[in-house]
Amino acid sequence: MATLDNTNRYTVSPVTTATAYATADSFGAPTGSLKLSPNGVTGAFLKHFDGILKGSVAVPLDVQIYSGDLTTSVADNAAFALATADVFNLVARFTIATADWVALPGVVGSGFSVHKDLGDLFIAGAGNYSVAIVVGAAGPFIPSVANALKLSLISEQAAAAN
């Protein structure tokens, strides 16, 4: 008999360039319509994130999760200027510091990985969420390749209220 797994992994792979990014630039365009609740009914706890970064630069990033789809028009490699209508939709935020990245040995052209526990960032409800990735305070930087990032968010089902 099959059992329902209460863990989900959502992968975000933003389309990025290999040109210069300044501090506070959007690293890829925000995703939309991710459902973080494994059963589609109750909320979820973001537990961990894993990431792979291709290239020779360990990039500090700010990962922001918003409820719903952003009304803000955000483009890759442009300043992330959040519209007032979206400010109160921020439901979770965490950072990936330069020191969080670990070099992957033997990768041609270099690469980095990260695995970080988030504790229990609670995401209420089962609606859609958008993920925005913003270059951290160490910009400007030039990634050595385009489409350099793959980030997985690992969530665990919240128990239903009785």
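Residues numbered from 1 in each chain as written. Predicted model: local features only at pLDDT ≥ 70, side-chain atom pairs only at ≥ 80, totals over all residues. Heavy atoms only, no water.

Caption draft 1: Main features of the pattern of salt bridges. Scanning all chains against the criterion turns up 2 salt bridges. With a shortest N-O distance of 3.0 Å, Arg-93 and Asp-62 are connected by a salt bridge. One end of the pair, Arg-93, is in strand S5 (residues 90-96); the other, Asp-62, is in strand S4 (residues 61-67), and 31 residues separate them in sequence. Linking Lys-116 and Asp-100 is a salt bridge whose minimum nitrogen-to-oxygen distance equals 3.0 Å. (Salt bridge = Lys/Arg side-chain N within 4 Å of Asp/Glu carboxyl O. Helix = DSSP H or I, 4+ residues; strand = E, 2+ residues; numbered from the N terminus.)

Caption draft 2: Structural view of the environment of Ala-24. With respect to the helices, strands and loops of the structure, Ala-24 is situated in the loop between strand S1 (7-12) and strand S2 (34-35). With 110 residues separating them along the chain, Ala-24 and Val-134 place their C-alpha atoms 5.7 Å apart. Each residue touching Ala-24, except ones within four places of it in the same chain, is listed here: Ala-78, Ala-79, Phe-80, Val-134, Val-135 and Gly-136. (Contact = heavy atoms within 4.5 Å.)

Caption draft 3: Layout of unusual backbone geometry. Phi at Ala-24 takes a positive value of approximately 75 degrees, unusual for a residue other than glycine. Here Asn-147, not a glycine, exhibits a phi torsion of approximately 50 degrees, which is positive. Following the sequence through the fold, Asn-147 ends up in the loop between strand S8 (128-135) and strand S9 (149-157).

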